[in-house]
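Residue-level listing of the chains:
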Amino acid sequence: MQSSRASSTGFTLIEIVVAVAILAILSSIVAVKVIGNVGTASIAKAKTDVQSLSSALNIYKLHNFNYPSTDQGLRALVEKPGGEPEASNWQEGGYIERLSKDPWNRDYQFLSPGQHGEFDIYSLGKDGQLGGEGPNADIGNW
């Protein structure tokens, strides 16, 4: 009688990133529906977006041993960047489907190395200016 082995499988990094992205999108949608306050929902969406981008950058670093430079920017998550540091193990298909805008229709800002850590991802808030309070406050990964 021949014994068969059950193969052990786990989740790949890509599956985990996709799951995190789906949860981030769902939490943004729920925040908009439940909170009812557009300003508060916009802040919640920006925080969720920053977390998703941070997760994708961490996967990028696992593959390429470095974060993209400020010049390479967040675009390196969508298309293979040129320049230094080289992305020799860049994942075919990218790390996210597309770059989204912040809730105020502006690009998320990216610095590598950052002032608050290995990288900074942030939105300038409703007013589009550094600093501020309430809905005008910067929203970042720090």
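Above this note sits the structure.
Residues numbered from 1 in each chain as written. Predicted model: local features only at pLDDT ≥ 70, side-chain atom pairs only at ≥ 80, totals over all residues. Heavy atoms only, no water.

### A few points about the overall build of the protein chain
Definition in use: In DSSP terms, a helix is any run of H or I states spanning at least four residues, a strand is any run of E spanning at least two, and both are numbered starting from the N terminus. Exposure classes here rest on a 1.4 Å probe applied to the protein chains alone. A residue is buried below 20% of its type maximum, exposed above 50%, and partly exposed in between. Two residues qualify as a contact provided that any one of their heavy atoms is within 4.5 Å of a heavy atom in the partner residue. Where accessible areas are quoted, they stem from the Shrake-Rupley method and a 1.4 Å probe; at the residue level, only the protein chains shown are allowed to cover.
If you tally the helices and strands in the protein chain, you get two helices and three strands. Seen in sequence order, the protein chain has helices and strands lined up from the N terminus as α-α-β-β-β. Burial status across the protein chain gives 35% buried among its 142 residues. The contacts of the protein chain with a sequence gap of at least 6 include a subset with a gap of at least 24, amounting to 42%. For the protein chain, the computed accessible surface area is about 9100 Å², with 54% contributed by carbon and sulfur atoms.

### Quick look at unusual backbone geometry
The omega torsion of the bond from Glu84 to Pro85 falls at -5°, within 30 degrees of zero and hence cis. With respect to the helices and strands, Pro85 occurs in the loop between helix 2 (38-64) and strand 1 (109-111). Residue Ser112 is joined to Pro113 through a cis peptide bond whose omega torsion reads 0°. Mapped onto the secondary structure, Pro113 falls in the loop between strand 1 and strand 2 (120-123). One non-glycine residue, Asn105, lies in positive phi territory at about 65°. Residue class for Asn105 comes out exposed when judged on its relative accessible area of 58%.

### So, the sheet that holds strand 2
Rules: Two strands qualify as a pair provided DSSP detects at least 2 bridges between them.
Within the open sheet, the three strands sit side by side as 1-2-3. Their pairing is antiparallel. Lying at the two open borders of the sheet, with one neighbouring strand each, are strand 1 and strand 3 (139-140). The pairing of strand 2 with strand 3 spans two bridges and is antiparallel. Bridging from a neighbouring strand, Ser123 pairs with Ile139 of strand 3.

Remember that the coordinates give geometry; whether it matters functionally is a separate question.
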